[in-house]
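# Examination of the molecular architecture
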Amino acid sequence: MLDERKLQVLRAIVTDYVSSREPVGSKALADRYDLGVSPATVRNDMAVLEEEGYIAQPHTSAGRIPTDKGYRLFVDRLAGVKPLSAAERRAIQTFLSGAADVDDIVTRTVRLLAQITQQVAIVQYPVLSATTLRHVEVVSLTPDRVLLIVINSAGRVEQRTVELPGHGEDDLAVLKTRLNDSVVGRTPADAAYELSRLSSLVGSEEQSRTQVAIAALLEVLGTGASTRVVVGGVPNLTRLGDFSSTVQPVLEALEEQVVLLKLLGETVSGPDVTVRIGHENEYVPLQTTSLVASAYGSPEDVWASLGIVGPTRMDYPSTMATVRAVARYVGRFLNEG
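A brief report on the enclosed structure follows. Values in this document were obtained by computation on a predicted structure and should not be read as measured data. (Residues numbered from 1 in each chain as written. Predicted model: local features only at pLDDT ≥ 70, side-chain atom pairs only at ≥ 80, totals over all residues. Heavy atoms only, no water.)

The next point concerns the sheet that holds strand β5 (residues 145–152). Reading across the sheet, the three strands line up as β4-β5-β6 and stay open at both edges, with antiparallel pairing between neighbours. Edge positions in the open sheet fall to β4 (133–142) and β6 (157–163), since each of these has one partner strand only. Across this sheet, the average inter-strand angle for adjacent strands is 20°, counted without regard to direction. The pairing of β5 with β6 spans seven bridges and is antiparallel. When the bridges of β6 are listed, V150 appears paired with E158. Relative to β4, helix α7 (residues 169–183) is tilted by about 160°, and along the sheet it contacts β4 and β5. (Pairing = 2+ DSSP bridges. Helix = DSSP H or I, 4+ residues; strand = E, 2+ residues; numbered from the N terminus. Axes fitted to C-alpha atoms, helices over the stretch in contact; angles between N-to-C directions. Contact = heavy atoms within 4.5 Å.)

In structure tokens, the structure reads:
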């Protein structure tokens, strides 16, 4: 265990390196930070920190930089996630408040996270288990084809084209009524159950047409939007210049939806912000990065996760505050919708 003075030296090294991007020397620390001790004492403390694996010397005669272990201790010893300013909170709320539906919310959230943190933002589509079906519309496109439109309580709209040869307006009116009676006000799971019953309740003349519509509607209900992750701010990786020759594997990893879903799923265990640093990531191409993530949803139900990926040299306090605030606003916005 490190004493408070060595923790103070480590905090100063992390803070200085994040802002300057240059290895930190003992004299610079003593000059820039009120550590209350001489440069010689700082040198001794840095020697202990290096021996314990919290800092490292990138090359001979250079200063020291934090290691993954050093960043981990720094994050674990944060007094708490600092609150955002009133202006920052208003900016987040204003940016999200104009969203029209779930797709718009996710798109806006990705842009917002990337802009504020200057990192790569990743947002998983919400698993809206608490949502219900609001309306089903059936629109004739041609004498043999109709458009099935499904709207849920979160405002998400899904469409499917369905082949219904020889249908008339009266046929569609009856079909629309039957479908809405079966699904409106129900969760996707309950709606699917009611639809499976509906097929056996209609007469033989309507059965074929109804079954086709039911099959399309069940496909909509089973669409796995929650298995999608939207990524934004990828150019921030090259702008930061922290990866040099390792940037390509990181870029390729960020294109793999399965990798990102697994990463978010393994990292986020609750509503608190969680941080996975460097080699704590099991996926090798991302071991030069850190992930700061949080779940979002309603107070009773976690819907999905969001976060940022960036170099281990990041402003953890500010990034953690931003991720937490955005997650809370997104959850609140969806819950009110």
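Moving on: the pairing of strand β3 (residues 120–124). When a strand is regular, its side chains alternate between the sheet's two faces. Judged by how many residues are buried, β3 sits mostly within the fold: five of five residues are covered. Side-chain alternation along β3 places V120, I122 and Q124 on one buried face and A121 and V123 on a second face that is also buried. Looking at chain direction, β3 and strand β7 (residues 229–232) are connected through four bridges and run antiparallel. Bridge pairing links I122 to V231 in β7. (Buried < 20%, exposed > 50% of the residue type's maximum accessible area, 1.4 Å probe, protein only.)

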